[in-house]
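# Examination of the molecular architecture
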There are 2 protein chains.
Amino acid sequence: MSKNKVISPFKPASHKHQDCLRAAIVAAKNHCDAVGIRLTPIRQRVLELIWQDHEPVKAYDILDKLKQSKSSSAPPTVYRALEFLQDEGLVHKIESLNAYVGCSDPKNIHKGQFFICHDCSFVAELDDGEIRHLLQKKAKRFGFEINDEMVEIKGYCQECRGLKE
Amino acid sequence: MSKNKVISPFKPASHKHQDCLRAAIVAAKNHCDAVGIRLTPIRQRVLELIWQDHEPVKAYDILDKLKQSKSSSAPPTVYRALEFLQDEGLVHKIESLNAYVGCSDPKNIHKGQFFICHDCSFVAELDDGEIRHLLQKKAKRFGFEINDEMVEIKGYCQECRGLKE
DNA sequence: ATTCTAGATGTTATATTATAACATAACATT
DNA sequence: AATGTTATGTTATAATATAACATCTAGAAT
Ligand SMILES: [Zn+2]
Ligand SMILES: [Zn+2]
Ligand SMILES: [Zn+2]
Ligand SMILES: [Zn+2]
C-alpha cells in the first residue's frame, strides 16, 4: 500500500483560512468520536491555536495564548495536549524547529514529509509513497529496518520566490 | 553533480573503532590546515569526544567530560565548539535527538541522510544523490526551492535485528 | 441516583537544551 | 610594542520539556 498524498498543499496567503481551521476541527471531532476518545476543551483549544495558520507553532506560544482564557494553564497543560494530539495524528512535531503543525488527515496514521518556507513559514505536508519507498530501498541495502522517519525540507515557496524578483 | 556516497556505513560492534577515531582527527586537521582555520585544543577535544563511538552525543554529556580535563568549561565552551565543527562539516546535528555525530567527509559540504538504530544507537550516514534528486522533483511540482534538508530515519540495524531472533 | 474509577487537569518543582552579554586572553600582523 | 582579530572565560538567563503528586470530573457500573 503505497499511497501518494498531498496532505496539505501550499496555498496563497489570500486563501480563506477560516475554512482550513473549521475543517480541521470537524475532522478532529469526527476522528475522536470514531475512535471513542475525548477531544476535551483544552485539547480542542490547543488544536485551534495550532491551526491559527499554516506555520509551525511553539509550545510556549501556545501556552501564552492558552493562559489568556484559562489562567490555570502551565507547561504540562500544553505538552499533555500536544502528546494527545500527536498520538492521534492530529498534530505533527517539526523536529528541526521544536514546533508543531496541524495535520488534516488523522484517520491515516503516518509520518509526513514537510516542506517549510524560510520566508512565510508555511508548511506543506506530503505523505509520499515514492519517498518512503526510496528510503526503504536504501535501508534494505544495509539490512536496516525502518520504523520511524523524519523528512523536513526548508526553502522558499513559490509565492515567496515570486516576491523576491 | 549528483554524488551517491556512503559517508559512514554501519559497522559491526567488533570493528576497530580506534581507527575511525584516528582517521576522523587526521581528516579534521587536514581540513582545517587546508582551509586555514584553527582546530584548537578545545575543538579537537570536543571532536574526539563525539567520535568516542558512532552514537549521537549530547551537548551536556560532552560538557561533563570536558570539565574533567578542563574545569573552566561551561555551556558556551561546548556550543561554540559545536558551532565551529558544524560549520566546517566535521559534525552534524541530529535534530530529532538534540545530539551530535561526527562526519568523516568534511571536505565536501553536505547535509547527510541519517539512519539511526533504536537499539545500539549506531548512526550511519549517506549523502545520496538519488534521495536529494527525488526530493527536488517533489519540491519542483509546487514551485518550492530547496535550501536545506533534514532526513533522519530510525529503526533497527542488521546486527541488532540478528540479536532479536 | 449513588458509587466507583479511569482519565483528565491542577500545581509545584525541576531537568534539559541553548544563547546573550560582556570580560579577558591568545595569537597574528604590522 | 601596538593593533586588530579570533578564541576563551564567566555569569546569567532563555527556551524547551518532563517528573511527581494532588485533585477533579465525566461517564461507567452498581
Ligand atoms: Zn489555510
Ligand atoms: Zn513562503
Ligand atoms: Zn568506528
Ligand atoms: Zn543496532
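Here, every reference points to the structure presented above.
Now for a look at the structure at hand. (Residues numbered from 1 in each chain as written. Chains lettered and ligands numbered in written order. Predicted model: local features only at pLDDT ≥ 70, side-chain atom pairs only at ≥ 80, totals over all residues. Heavy atoms only, no water.)

Counting residues at the interface gives 37 residues for chain B and 37 residues for chain A. With both sides pooled, the region where chain B packs onto chain A buries about 3200 Å², and carbon together with sulfur makes up 61% of that total. Counting the surface chain B buries against chain A, the share from its top three residues, F142, F144 and M150 of chain B, is 19%. Inspection of the region where chain B meets chain A yields eight salt bridges. Between R161 of chain A and E145 of chain B there is a salt bridge, and its shortest N-O distance comes to 3.1 Å. Inspection of the region where chain B meets chain A yields 22 residue pairs in polar contact (both at pLDDT 80 or more). Mapped onto the side of chain B that touches chain A, the elements with two or more residues apiece are β4 (113-117), β5 (123-128), α5 (129-141), β6 (145-156) and α6 (158-163) of chain B. For the side of chain B that touches chain A, the residue count by class is 17 nonpolar, seven polar and 13 charged. Pairing geometry for strand β6 (residues 145-156) of chain A and β6 of chain B, over 11 bridges, is antiparallel. Residue G155 of chain A lies in a different strand from β6 of chain B, and its bridge partner there is I146 of chain B. (Contact = heavy atoms within 4.5 Å. Buried area = accessible area lost by both parts, 1.4 Å probe. Salt bridge = Lys/Arg side-chain N within 4 Å of Asp/Glu carboxyl O. Polar contact = N/O pair within 3.5 Å; in protein donor to acceptor, adjacent residues only side chain to side chain. Helix = DSSP H or I, 4+ residues; strand = E, 2+ residues; numbered from the N terminus. Nonpolar A, V, L, I, M, F, W, Y, C, P; charged D, E, K, R; others polar. Pairing = 2+ DSSP bridges.)

Bringing the coordination of the zinc ion (ligand 1) into the picture now. All names here are of chain A. Coordination sphere of the zinc ion (ligand 1), protein contribution only: H15 (NE2), H17 (ND1), C20 (SG) and H54 (NE2), at 1.9 to 2.3 Å. Around the zinc ion (ligand 1) sit four donor atoms; with metal-centred angles ranging over 101 to 114°, the donor geometry is tetrahedral. Sequence spacing of the donors to the zinc ion (ligand 1): H-x1-H-x2-C-x33-H. Taking relative accessible area as the criterion, H15 reaches 19% and is therefore assigned buried. (Donors = N, O, S within 2.8 Å, 3.2 Å for Na, K, Ca; no water. Tetrahedral: all angles 85-135°; square planar, octahedral: opposite > 155°, others 65-115°. Buried < 20%, exposed > 50% of the residue type's maximum accessible area, 1.4 Å probe, protein only.)

This next bit is on the relation of the copies chain B and chain A. Between chain B and chain A, the superposition needs a rotation of 180° and an axial shift of 0.0 Å, giving an RMSD of 0.0 Å. The operation mapping one copy onto its partner corresponds to a two-fold rotation axis. Measuring from the rotation axis to each C-alpha of chain B, the shortest distance belongs to V151 of chain B, at 2.3 Å. Interface overlap between copies: 100% of the residues of chain B at the interface are likewise at the interface in chain A, consistent with a symmetric, same-surface contact. (Least-squares fit on C-alpha atoms with pLDDT ≥ 70 in both.)

All names here are of chain A. Coordination sphere of the zinc ion (ligand 2), protein contribution only: C117 (SG), C120 (SG), C157 (SG) and C160 (SG), at 2.2 to 2.4 Å. Note that the zinc ion (ligand 2) binds four donor atoms; their angles at the metal cover 104 to 113°, and the shape is tetrahedral. Expressed as a motif, the donor residue spacing for the zinc ion (ligand 2) is C-x2-C-x36-C-x2-C.

With that out of the way, let us pick up the side chain of S73 of chain A. All names here are of chain A. Structurally, the position occupied by S73 is in the loop between α3 (59-69) and α4 (75-87). The exposure class assigned to S73 is buried, which follows from its relative accessible area of 6%. Only 2.7 Å separates the side chain of S73 from the backbone oxygen of K70, close enough to count as a polar contact. Beyond its immediate chain neighbours, meaning those up to four positions away, S73 contacts L63, L66 and K67.

Judged by nonpolar contacts, the single largest core of 32 residues is most densely connected at F115, L135 and F144 of chain A together with F115, L135 and F144 of chain B. Elements with a contribution of two residues or more to this core: β4 (113-117), β5 (123-128), α5 (129-141) and β6 of chain A together with β4, β5, α5 and β6 of chain B. Discounting chain neighbours no more than four positions away, the residues touching F144 of chain A are A139 of chain A together with F10, F115, I116, C117, I153, K154, G155, Y156, C157 and R161 of chain B. (Core = buried A, V, L, I, M, F, W, Y, C linked by side-chain atoms within 4.5 Å.)

Residues and elements named next belong to chain A. Positive phi is not limited to glycine here, since S121 has a value of about 70°. Inspection of the secondary structure assignment puts S121 in the loop between β4 and β5. Assessed through its relative accessible area of 24%, S121 is described here as partly exposed.

Within the open sheet, the eight strands sit side by side as β1(A)-β5(A)-β4(A)-β6(A)-β6(B)-β4(B)-β5(B)-β1(B). Their pairing is mixed. Taken across any chain shown, the strands that pair with only one partner, and hence form the sheet edges, are β1 (4-8) of chain A together with β1 (4-8) of chain B. When the angles between neighbouring strand axes are averaged without regard to direction, this sheet yields 20°. (Axes fitted to C-alpha atoms, helices over the stretch in contact; angles between N-to-C directions.)

Here we take up the protein's contact with DNA strand C. What surrounds DNA strand C is a group of 19 residues, the closest being K70 and R80 of chain A together with K58, Y60 and K93 of chain B. The sugar-phosphate portion of DNA strand C accounts for 53% of its atoms within 4 Å of the protein, the bases making up the rest. Contacts to DNA strand C include Y60 of chain B, whose side-chain N or O atom sits 2.6 Å from a base nitrogen. Only α2 (41-50) and α4 of chain A together with α4 (75-87) of chain B provide two or more residues apiece to the surface near DNA strand C. Of the residues assigned to the surface near DNA strand C, the class counts are eight nonpolar, three polar and eight charged. (Near = heavy atom within 4 Å.)

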